[in-house]
Amino acid sequence: MSHVNMQVEGAILRISVDTLVAEHGKWRVVMAAIKAMVRGRRRVQTVRPQDLPNSVRADIGLPTVVDPPRMPTVMMVFARP
């Protein structure tokens, strides 16, 4: 059964490559393949749990982060009755 799947996948790949060559030409397809091999994979940016907003933290089961108390400003000091 897997032998049949491999033949089908090989046929699909061959048709796809033939279509690319017919549309763009051999050299463009070869050069694009070489560029893709040389370029490699992009690095995935990692996100630290501390950087997530509280709504996302709650969705994945992490405790919410409470902002530290603010220092009193000049306006707060003079606004007291």
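Residues numbered from 1 in each chain as written. Predicted model: local features only at pLDDT ≥ 70, side-chain atom pairs only at ≥ 80, totals over all residues. Heavy atoms only, no water.

Caption draft 1: Focus on the overall build of the protein chain. What the protein chain contains, in helices and strands, is four helices and zero strands. In sequence order, the secondary structure elements of the protein chain are arranged as α-α-α-α. Across the 81 residues of the protein chain, 2% fall into the buried class. With an accessible surface of roughly 8400 Å², the protein chain has 64% of that area assigned to carbon and sulfur atoms. (Helix = DSSP H or I, 4+ residues; strand = E, 2+ residues; numbered from the N terminus. Buried < 20%, exposed > 50% of the residue type's maximum accessible area, 1.4 Å probe, protein only. Areas by Shrake-Rupley, 256 points an atom, 1.4 Å probe, with all protein chains shown as cover.)

Caption draft 2: Molecular detail of the pattern of salt bridges. All chains considered together, the criterion is met by one salt bridge. Here Asp51 makes a salt bridge to Arg48, at a shortest N to O gap of 3.1 Å. (Salt bridge = Lys/Arg side-chain N within 4 Å of Asp/Glu carboxyl O.)

Caption draft 3: Looking closely at the side chain of Arg57. With respect to the helices, strands and loops of the structure, Arg57 is situated in helix α3 (residues 54–59). Buried charged residue Arg57 carries no salt bridge. Nearest counter-charge: Asp51, at 8.3 Å. A polar contact is formed between the side chain of Arg57 and the backbone oxygen of Pro49, at a distance of 2.6 Å. Not counting chain neighbours up to four residues away, the residues in contact with Arg57 comprise Pro49, Gln50, Leu52, Leu62, Pro63, Thr64 and Val65. (Lys, Arg positive; Asp, Glu negative; His and termini not counted. Polar contact = N/O pair within 3.5 Å; in protein donor to acceptor, adjacent residues only side chain to side chain. Contact = heavy atoms within 4.5 Å.)

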